[in-house]
Amino acid sequence: MEIGIDKIGFYAPDLYMDMRELAVARGIEPDKFTIGIGQEKMAIAPITQDTVTLAANAALNLLDEKDKEAIDLVIFGTETGIDQSKSAAVYVHELLGLDPVARSFEIKQACYGATAGIQMAKGHVALNPDSKVLVLASDIAKYGLNSPGESTQGAGAVALVISANPKIMVLENNSAYLTSDIMDFWRPTYSDMAFVDGKFSNEQYILFFETVWKQYKAKSGLGFKDFEALCFHVPYTKMGLKALKPVLEEEGTTEDQKRMLENYQKSIQYNKIVGNIYTGSLYLSLLSLLEQKEELKEGSRIGLFSYGSGAVGEFFTGIMQPGYQTQLNTIQNTDRLSSRRKISVEEYESIFKQELPVDGSTIELDIEKDSAAICLAGMSENKRQYINKRTYGSN
Ligand code: HMG
């Protein structure tokens, strides 16, 4: 049975920060952010968006009634969840009106979480061929104002429907993976902000790619010539290139190098203007390739490199399906990204410092300013109040 990605949706909040303006405010040469790091814009989540709402908005327009009936598993990959106990998947399950006969849970391993979810989803569909699985990848990346990681923040979510006979991409079974206990990036439960050893994290990312790529080649007997494109986890758009280039220059023909580098550029168009969305970054890169490249030939193979600090890495592959374009919402996605509002450094800093009450008091948030259908409307008695403006239902 062939199993893979049947649908893919994306949501980024309404607001963004221009990286050049941030650089000037920090006394940094703007080219460092736009060329050295490779980021143009950074998505900023207003207080009315959290990991639950971002994911629910990513999935909202994706699912039809048949999907809703068939989805019996919701897996939510995040490293910036809103609750230490209750999973974000349960909130989204309700907000989307999914069938109650379902398993829903959250999964964590830094930016690798959604990949773990997809592999688990494949297993579930293999055992239950009529089932569909909703895999959500949603995060708000925060390193802190004036921190070295500040230029690599972002916010957004990707939603994927995994099913048998998928219309976008069949996921192949050969994959290569690696776990190593390292402290390159982590966030203890008492901290809102991630801790990171930036240079070490870059080195480890590169080493993980080299290792899983070699392992994959040995397992499969395939090489660059067998791939149309490779998509990477994109903490910032220069990162994937740093990992790809040395291996490509060593092993790829001139033709392979040209194809891989051209397609890499297509695969980072969205990431460049959204920033790091952690668990969703690799899948945002895949979406960018699918929507920004004119056409991927039926049967062409795409490689996917997933990296989650701490660390777990995996290289796996998919085969493009005929007519995959009919499953995409390119115009809607590009329109949304281009109609976001640019905010000033002052507004960004003020949003960054906003906090929800932690003493059980009540707060009502102004959701009118947020164009999203699903918003966080407030908090009361330590419970988040969500609203779907389309139904005015809340939970
Ligand atoms: P930094 O110290 O700000 O920057 O850290 P830098 O000094 O290394 O410079 C960056 C690049 O800009 C360099 O290019 C400079 O030469 C260049 P490179 O040598 O790398 O090719 N540069 C310029 N270019 C043009 N014009 C100029 C100019 N000046 C300098 N004027 C760092 C950068 C990414 C380390 C930092 O932002 C950081 O710590 N970010 C967070 C960590 C991170 O993103 N790590 C990536 C790998 S780990 C990962 O992907 C997992 C993660 O997503 C988390 C998870 O799994 O959950 C993070």
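Residues numbered from 1 in each chain as written. Predicted model: local features only at pLDDT ≥ 70, side-chain atom pairs only at ≥ 80, totals over all residues. Heavy atoms only, no water.

## A few points about the overall build of the protein
Phase 1 of the analysis: When helices and strands are tallied, the protein shows 13 helices and 19 strands.
Phase 2 of the analysis: Here the C-alpha radius of gyration of the protein, 20 Å, is about what a compact globule of 395 residues would show, namely 21 Å.
Phase 3 of the analysis: Dimensions of the protein, computed from C-alpha atoms along their principal axes, come out at roughly 60 × 55 × 40 Å.
Phase 4 of the analysis: In the protein, buried positions account for 58% of the 395 residues.
Phase 5 of the analysis: A separation of at least 24 residues holds for 74% of the contacts in the protein among residues at least 6 apart in sequence.
Phase 6 of the analysis: With 40 positive and 53 negative side-chain charges, the protein shows a spacing of 3 Å between the two charge centroids. (Helix = DSSP H or I, 4+ residues; strand = E, 2+ residues; numbered from the N terminus. Rg over C-alpha atoms; globule rule 2.2 N^0.38 Å. Buried < 20%, exposed > 50% of the residue type's maximum accessible area, 1.4 Å probe, protein only. Contact = heavy atoms within 4.5 Å. Lys, Arg positive; Asp, Glu negative; His and termini not counted. Charge placed at Lys NZ, Arg CZ, Asp CG, Glu CD.)

## Observations concerning the side chain of Thr-237
Phase 1 of the analysis: Relative to the elements of secondary structure, Thr-237 occurs in helix H8 (residues 237-251).
Phase 2 of the analysis: Side-chain polar atoms of Thr-237 contact the backbone oxygen of Gly-38, separated by 2.5 Å.
Phase 3 of the analysis: Setting aside residues up to four positions removed in sequence, Thr-237 forms contacts with Ile-37, Gly-38, Gln-39, Tyr-264, Ile-268, Asn-271 and Lys-272. (Polar contact = N/O pair within 3.5 Å; in protein donor to acceptor, adjacent residues only side chain to side chain.)

## A closer look at the domain arrangement of the protein
Phase 1 of the analysis: Parsing the protein into structural domains produces domain 1 (3-168 + 328-394) and domain 2 (170-322).
Phase 2 of the analysis: Using only C-alpha atoms to locate each centre, domain 1 and domain 2 end up separated by 20 Å.
Phase 3 of the analysis: Across the contact, 56 residues belong to domain 1 and 49 residues belong to domain 2.
Phase 4 of the analysis: For the pairing of domain 1 and domain 2, the buried interface totals around 4,200 Å² over both sides, and the portion due to carbon and sulfur atoms is 60%.
Phase 5 of the analysis: For domain 1, the biggest contributors to the area lost against domain 2 are Cys-111, Tyr-112 and Tyr-143; these three give 15% of the whole.
Phase 6 of the analysis: Run the count over domain 1 and domain 2 and you get zero salt bridges.
Phase 7 of the analysis: Between domain 1 and domain 2 we count 28 residue pairs in polar contact (both at pLDDT 80 or more) in total.
Phase 8 of the analysis: Those elements giving two or more residues to the side of domain 1 that touches domain 2 turn out to be strand E1 (3-11), helix H2 (30-37), strand E3 (41-44), helix H6 (113-127), strand E6 (132-141), strand E7 (154-164) and helix H12 (330-338).
Phase 9 of the analysis: Its residues assigned to classes, the side of domain 1 that touches domain 2 shows 26 nonpolar, 22 polar and eight charged. (Domains from an automatic or database assignment. Buried area = accessible area lost by both parts, 1.4 Å probe. Salt bridge = Lys/Arg side-chain N within 4 Å of Asp/Glu carboxyl O. Nonpolar A, V, L, I, M, F, W, Y, C, P; charged D, E, K, R; others polar.)

## Regarding the packing of aromatic side chains
Phase 1 of the analysis: Within this structure, the stated rule accounts for 21 aromatic pairs.
Phase 2 of the analysis: Judged by centre distance (5.5 Å) and plane angle (80°), the rings of Phe-185 and Tyr-278 are edge-to-face. Placement of the pair is Phe-185 in strand E10 (residues 185-186) and Tyr-278 in the loop between helix H10 (269-272) and helix H11 (281-292), with a sequence separation of 93 residues. You'll find Phe-185 and Tyr-278 in the same group, each marked buried.
Phase 3 of the analysis: What links up through ring pairs into an aromatic cluster is the set Tyr-205, Phe-208, Phe-209, Trp-213, Tyr-216, Phe-224, Phe-227, Phe-232, Tyr-264, Phe-305, Tyr-307 and Phe-315.
Phase 4 of the analysis: Stacked on the ring of Phe-227, the Lys or Arg Arg-301 has its end atom at 6.0 Å from the ring centre. (Phe/Tyr/Trp six-rings, centres within 6.5 Å; stacked < 30°, edge-to-face > 60°. Lys NZ or Arg CZ within 6 Å of the ring centre and 35° of its normal.)

## Some points on the side chain of Ser-147
Phase 1 of the analysis: Within the element layout of this structure, Ser-147 appears in the loop between E6 and E7.
Phase 2 of the analysis: Classification of Ser-147 as buried rests on a relative accessible area of 19%.

## A word on the sheet that holds strand E15 (residues 341-343)
Phase 1 of the analysis: Taken together, three strands build an open sheet; the order of strands is E3-E2-E15 and the sheet is mixed. The open sheet is flanked by E3 and E15, the only strands paired with a single partner. Taken over all neighbouring pairs, the strand axes of this sheet differ in orientation by 40° on average, direction set aside.
Phase 2 of the analysis: In the sheet, strand E2 (residues 15-18) pairs with E3 via four bridges, with the strands oriented antiparallel. Following the sheet pairing, Asp-18 is matched in E3 by Lys-41.
Phase 3 of the analysis: Contacts from helix H13 (residues 345-353) reach E2, E3 and E15, with the element oriented near 85° to E15. (Pairing = 2+ DSSP bridges. Axes fitted to C-alpha atoms, helices over the stretch in contact; angles between N-to-C directions.)

## Examining H8
Phase 1 of the analysis: When the terminal C-alpha atoms of H8 are compared, their 22 Å separation across 15 residues agrees well with the 21 Å that a helix rising 1.5 Å per residue should span.
Phase 2 of the analysis: At Leu-244, H8 shows its maximal bend, which comes to roughly 30°, and the proline Pro-246 appears one to four places after that position.
Phase 3 of the analysis: Among the residues of H8, Thr-237, Met-239, Gly-240, Leu-241, Ala-243, Leu-244, Val-247 and Leu-248 are the ones counted as buried.
Phase 4 of the analysis: Contact partners of the buried residues in H8: H2, helix H7 (198-220), strand E12 (229-232), helix H9 (254-267) and H10. (Expected span 1.5 Å × (residues − 1). Bend = angle between axes of the 7 residues up to and from the residue.)

## Considering unusual backbone geometry
Phase 1 of the analysis: Put simply, Gly-310 and Ala-311 share a cis peptide bond, and its omega is 5°.
Phase 2 of the analysis: With respect to the secondary-structure elements, Ala-311 resides in the loop between strand E13 (301-308) and strand E14 (312-320).
Phase 3 of the analysis: With phi around 65°, Asn-146 is a residue other than glycine that occupies positive phi space.
Phase 4 of the analysis: One can find Asn-146 in the loop between E6 and E7.
Phase 5 of the analysis: The exposed category is assigned to Asn-146, whose relative accessible area is 56%.
Phase 6 of the analysis: Even without glycine at this site, Tyr-278 takes up a positive phi of about 50°.

## Observations regarding H7
Note on helix geometry: an α-helix contains 3.6 residues per turn, so any two residues three or four positions apart are oriented the same way.
Phase 1 of the analysis: For H7, with 23 residues, the first-to-last C-alpha span of 33 Å sits near the 33 Å given by 1.5 Å per residue.
Phase 2 of the analysis: Of the positions making up H7, those classed as buried are Ser-201, Asn-202, Gln-204, Tyr-205, Phe-208, Phe-209, Val-212, Trp-213 and Tyr-216.
Phase 3 of the analysis: Along its buried surface, H7 packs onto strand E9 (176-179), strand E11 (195-196), E12, H8, E13 and E14.

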